[in-house]
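Listed below are the residues making up each chain.
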Amino acid sequence: MLNVGLTGGLASGKSVVGRQLEQLGCRVIRMDDLGHEVLKQGGEAYASVVAAFGPAILDPDGAINRRRLGQMVFGDPAQLARLNALVHPAIHARAAVLKREFSEGHPDGIDRKST
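Cut-off values and rules
Residues numbered from 1 in each chain as written. Predicted model: local features only at pLDDT ≥ 70, side-chain atom pairs only at ≥ 80, totals over all residues. Heavy atoms only, no water. Helix = DSSP H or I, 4+ residues; strand = E, 2+ residues; numbered from the N terminus. Polar contact = N/O pair within 3.5 Å; in protein donor to acceptor, adjacent residues only side chain to side chain. Contact = heavy atoms within 4.5 Å. Buried < 20%, exposed > 50% of the residue type's maximum accessible area, 1.4 Å probe, protein only. Arc of directions from axis to C-beta. Phe/Tyr/Trp six-rings, centres within 6.5 Å; stacked < 30°, edge-to-face > 60°. Lys NZ or Arg CZ within 6 Å of the ring centre and 35° of its normal. Salt bridge = Lys/Arg side-chain N within 4 Å of Asp/Glu carboxyl O. Core = buried A, V, L, I, M, F, W, Y, C linked by side-chain atoms within 4.5 Å.

(A) The environment of Ser-12, seen in detail. Along the chain, Ser-12 turns up in the segment before helix H1 (14–23). The sequence separation of Ser-12 and Tyr-46 amounts to 34 residues, and the corresponding C-alpha distance is 30 Å. Engagement of the side chain of Ser-12 in a polar contact is seen with the backbone oxygen of Gly-9, the distance being 2.8 Å.

Structure (structure tokens):
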């Protein structure tokens, strides 16, 4: 199975290319979406992030307030590295599961269609 990564800055066309790849039959894993999932209550990184950054990052319902957390980390490289160390392993673990599941069902990566 071929793995391709799309990177780029804001408004560089990653989403457009991702949608086009999906239309061609590719499985697209959106790491941003996985990042949101692992920070939800019950997600793999939720408890460790709350423990590291404290209850001030929580909304009244217990959800992590991403804007508040961002304000704490985006001006401080050490805090950002700390957050990344907690969140990235969980994101990569979810991505690995999705890749494995897709690879088992589609070993060629893309179903070929004759034209």
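There is more to say, and it comes next.
(B) Structural detail: the side chain of Asn-65. For Asn-65, the position within the fold is in the loop between helix H3 (46–53) and helix H4 (66–73). Polar contacts involving the side chain of Asn-65 include one to the side chain of Asp-59, which spans 2.9 Å. Once you skip the residues sitting within four places of it in the chain, Asn-65 turns out to touch Ile-57, Leu-58 and Asp-59.

(C) Local environment of H4. Those residues of H4 that fall on the buried side of the exposure criterion are Leu-69, Gly-70 and Val-73. Each buried residue of H4 lies within a common arc of 100° when the element is viewed along its axis, so the set occupies one face. Along H4, exposed side chains directed more than 90 degrees from the buried face belong to Arg-67 and Gln-71. Tucked inside the fold, the buried residues of H4 contact H3 and helix H5 (77–105). The distance from a side-chain oxygen at the start of H4 to the backbone nitrogen of Arg-67 is 3.1 Å, and the residue carrying that oxygen is Asn-65.

(D) Representation of the packing of aromatic side chains. A full pass over the atoms with the stated rule returns zero aromatic pairs. Lying across the ring of Phe-53, Arg-82 places its NZ or CZ 4.9 Å from the centre.

(E) Molecular detail of the pattern of salt bridges. Taken as a whole and assessed by the stated rule, the structure comprises four salt bridges. A salt bridge links Glu-22 to Arg-30, with the nearest nitrogen and oxygen atoms 3.2 Å apart. By relative accessible area, Glu-22 is classed as partly exposed at 34%. Note that Arg-68 and Asp-59 form a salt bridge whose closest N and O atoms lie 3.6 Å from each other. Using a relative accessible area of 26% as the deciding quantity, one classes Asp-59 as partly exposed. Where salt bridges share partners, they join Glu-37, Glu-44 and Arg-94 into one cluster.

(F) How the structure looks around unusual backbone geometry. The backbone of Ala-11 shows a phi angle near 60°, a positive value even though the residue is not glycine. When you line up the elements, Ala-11 lands in the segment before H1. Note on Ala-11: relative accessible area 86%, which makes it exposed.

(G) Just the nonpolar core, in detail. Counting 17 residues, the largest nonpolar core has Val-49, Ile-64, Leu-69 and Val-87 as its most contacted members. When residues of this core are traced back to their parent elements, those giving at least two are helix H2 (31–39), H3, H4 and H5. In this structure, Leu-69 is in contact with Val-49, Phe-53, Ile-57, Ile-64 and Leu-83, ignoring residues within four places of it in sequence.

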